[in-house]
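Chain by chain, the residues run as shown.
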Amino acid sequence: MRFSYTSLLAIAYAGSLASAANDDFNYYRRHQQQRLQNAAVIAQQQASLGAQKDYQYHTKKTAPYFIDSWPDVNFDAGEMYSGNVPIDESDPSRSLFFVFTPSEKPTKTLTIWLNGGPGCSSMVGFFQENGNILWQPGTYHATRNPYAWSKYTNVLWVEHPVGVGFSVGKVHARDELSISQDFIGFFKNFEKLFGIENYKIYVTGESYAGRYVPYISAAMLDQKDKQYFDLSGNVIYDPCIGEFLRVGQEIPTFDFVMANRDILNLNDTFIAQLEQEHINCGYRDYIDKYMQFPPPEHQPDRGVYGYKKCDVFDKYYEAAYTVNPCFNIYHITDYCPDLGDVMGNAKGISNVEFYFNRQDVKKALHAPLDVKWRECGGPVFKGRGGPEDESDQSPDPIQGVLPQVIEATNRVLVSNADWDGLLLTNGTLLSIQNMTWNGKLGFQSPPMKDFVVNLKDKQYGTGVQGIMGRQHYERGLLWVETFQAGHEQPQYQPRAALEHLRWMLELDEDS
Ligand SMILES: *[C@@H]1O[C@H](CO)[C@@H](O)[C@H](O)[C@H]1NC(C)=O
Ligand SMILES: *[C@@H]1O[C@H](CO)[C@@H](O)[C@H](O)[C@H]1NC(C)=O
Ligand SMILES: *[C@@H]1O[C@H](CO)[C@@H](O)[C@H](O)[C@H]1NC(C)=O
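In this text the structure is predicted, and so the values were computed from the model without any measurement.

### Examining the pairing of strand E1 (residues 81-88)
Note on strand geometry: in a regular strand, side chains alternate between the two faces of the sheet. Within E1, six of the eight residues are buried, which leaves it mostly tucked inside the rest of the structure. Note that E1 and strand E2 (residues 91-101) share seven bridges and pair antiparallel. Directly across from Val-85, in E2, lies its bridge partner Leu-96. Once E1 ends, the chain turns through two residues before running back antiparallel as E2.

Following this line, the structure appears as structure tokens:
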């Protein structure tokens, strides 16, 4: 039997009627009361946080970027800065927009977060994943994020590249090298502005940022300048590190559908057809041959995709939509109704005003008032085609920049979420099996070890989480498969994400 949250609340306060019910019922009621009490204590602790005002980065130069208050945020979100910083100081027409949150305890580490797209805003990360303020889909108002990454490190969210959100200027990039150079220019100007020198720099992100993160990291390494670019590690979620159209989507689709049959509820006829195509298109053989630890050899070059007939991915997607009109490919356990979302939401439909497009918000954040903010926009690349058909001509990161970053830092975490229906866990793992780093091709043995989250819940008053995935480490690369999470991992499993962050920063338990 299922008890909804509202009915539990009603029972908790109605008292006498419910007390006549069976023991199970009372168990749920007591449990819920305890959780509500815990949650109240947590809320009090949170309210007292952020009350002190000893700022870490407030200077004459940074004052114009200081955020006094956030519209419709009814708590003190702490010291924060935002605005546009030019890529090249001699040309103010091209600039990137950032939000910067100093670490709770001062530290000389800085973690950059990037969302993907190409063309999507990192404000999604800031406002719905790992920032200090959360305003998630289907919620009435913004709340403090008890799992904000600024607990451990200074965090910088950047709308990257030019053409995204409030980042303005002429778009002329044709590849990752070009936008990475833009980022390097912006970042050094940002560091000079905030007096950041000799910090360890970490780059993190998700989805298409699976390309941005290693390319920017490699560009930082190439600067050979530890004063400003001491690149020290990456965390990359549900990333486009390999050939994502075929290896990330088509090839693993059928197994993904079978593993999530109860959630997707696709009929037997459809499943039988899908399996036939999966076999006929050679996907099953591909998996049998290359999903091996260690892999036998390199996977073949992309070649022609033979779309139409072999597009099992789009077929699963359409069928899932037919059964569930509110299907969310980023988080496959969503059902109707479609939740209102101040960011605009994955399906692009929302009857809610977009927070970052409000004039009062733009003013508060020192953003350009004349720019129409959108969650995902662009274009950010000029031209067409490219190996992944995104107008981005750079080779896949597994072909060069990702191994370069792993070998230089030995501190790279690649993770994929199991309820992400867009970039599939087994596809990302297959891409790793086609990458050579620190002298060998792929992982030499399969992921078997539990990924355990020992953090207590800080929102609802429950205990430690336990086994939340599977992990595997070899030669500087940590792989984590995350259970019960969608594409935006810090949104759906914030405690797991906080553990990933701590691993990257090399922090001990509870420091
Ligand atoms: C992932 O691959 C493994 C090994 O081939 C397989 O056992 C498993 O069912 C796959 N899982 C999904 C969700 O596709
Ligand atoms: C696998 O790697 C080889 C060698 O780098 C490359 O030529 C090939 O295109 C890659 N295949 C896939 C599917 O990534
Ligand atoms: C089975 O699913 C397919 C794909 O969504 C659909 O076209 C078909 O009508 C369904 N068949 C039945 C009997 O429900």
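### Overview of the site of ligand 1
Taken together, Pro-252, Asp-255, Phe-256, Ala-259, Ile-287, Met-291, Thr-425 and Asn-426 make up all the residues around ligand 1. Of all the secondary-structure elements, those providing two or more residues to the shell around ligand 1 are helix H7 (246-259) and helix H14 (425-432). No other element matches H7, which puts four residues into the shell around ligand 1. Within the shell around ligand 1, the residues separate by chemical class into five nonpolar, two polar and one charged.

### So, the pairing of strand E6 (residues 154-159)
Extensive coverage of E6 is indicated by the burial of six of its six residues. Neither face of E6 is exposed, since Asn-154, Leu-156 and Val-158 on one face and Val-155, Trp-157 and Glu-159 on the opposite face are all buried. In this sheet, E6 lies alongside E2 in antiparallel orientation, the contact comprising five bridges. Counted as the bridge partner of Phe-100 is Leu-156 from E6. Where strand E3 (residues 109-114) lies against E6, four bridges are found, and the strand directions are parallel. Its bridge partner lying in E6, Ile-112 is registered against Leu-156.

### Structural notes on helix H13 (residues 401-409)
Since the α-helix advances by 3.6 residues per turn, residues separated by three or four positions end up pointing in the same direction. Buried residues of H13: Val-401, Leu-402, Pro-403, Val-405 and Ile-406, and no others. Each element contacted by the buried residues of H13 is listed here: helix H6 (209-223), strand E8 (230-237), strand E9 (412-417), strand E10 (436-437) and strand E14 (477-482). Looking at the residues trailing H13, positive phi occurs at Asn-410, about 50°.

### Observations concerning the site of ligand 3
Ligand 3 sits among Asn-267, Thr-269, Phe-270, Ala-319 and Thr-322. Those elements giving two or more residues to the shell around ligand 3 turn out to be helix H9 (268-280) and helix H11 (312-323). For the shell around ligand 3, the residue count by class is two nonpolar, three polar and no charged.

### Details of the environment of Asp-418
By secondary structure assignment, the location of Asp-418 is in the loop between E9 and H14. Residue Asp-418 is classed as buried on the basis of its 20 C-beta neighbours within 10 Å. On a C-alpha basis, the gap between Asp-418 and Phe-483 in space is 5.5 Å, while along the polypeptide they are 65 residues apart. Discounting residues that sit within four places of it in the chain, Asp-418 has contacts with Thr-425, Glu-481, Thr-482, Phe-483 and Ala-485.

### Concerning helix H5 (residues 176-194)
When the terminal C-alpha atoms of H5 are compared, their 26 Å separation across 19 residues agrees well with the 27 Å that a helix rising 1.5 Å per residue should span. Where H5 is concerned, the buried positions are Glu-176, Ile-179, Ser-180, Asp-182, Phe-183, Phe-186, Phe-187, Phe-190 and Phe-194. End-on view of H5: buried residues confined to an arc of 155°, all on one side of the axis. For H5, the elements touching its buried residues are E1, E2 and H6. After H5 finishes, the residue Gly-195 shows a positive phi value of roughly 65°.

### Looking at unusual backbone geometry
With an omega of 0°, the peptide bond between Phe-293 and Pro-294 qualifies as cis. Of note, Pro-294 is situated in the loop between helix H10 (283-290) and H11. Across the junction of Cys-336 and Pro-337, the peptide omega takes the value 5°, indicating a cis bond. By the element assignment, Pro-337 lies in the loop between H11 and helix H12 (359-364). You will see that Asp-238, though not glycine, has its phi angle at about 35°, which is positive. The topology assignment puts Asp-238 in the loop between E8 and H7. On the neighbour-count criterion, Asp-238 (29 C-beta atoms within 10 Å) is buried. Even without a glycine there, the phi angle at Glu-506 is positive, about 60°. Residue placement: Glu-506 occurs in the segment after helix H16 (494-505). For Glu-506, a count of 12 C-beta atoms within 10 Å translates into the label exposed.

### A few points about the nonpolar core
Phe-98 and Trp-157 are the most contacted members of the largest nonpolar core, which totals 124 residues. Of the residues forming this core, the biggest block, eight residues, is contributed by H6. Apart from the residues lying within four places of it in its own chain, the contact partners of Phe-98 are Ser-82, Val-85, Leu-156, Trp-157, Val-158 and Phe-190.

Scoring rules and cut-offs
Residues numbered from 1 in each chain as written. Chains lettered and ligands numbered in written order. Predicted model: local features only at pLDDT ≥ 70, side-chain atom pairs only at ≥ 80, totals over all residues. Buried ≥ 20, exposed ≤ 12 C-beta atoms within 10 Å, placed from the backbone. Helix = DSSP H or I, 4+ residues; strand = E, 2+ residues; numbered from the N terminus. Pairing = 2+ DSSP bridges. Near = placed C-beta within 6 Å. Nonpolar A, V, L, I, M, F, W, Y, C, P; charged D, E, K, R; others polar. Contact = placed C-beta atoms within 7 Å. Expected span 1.5 Å × (residues − 1). Arc of directions from axis to C-beta. Core = buried A, V, L, I, M, F, W, Y, C linked by C-beta atoms within 7 Å.

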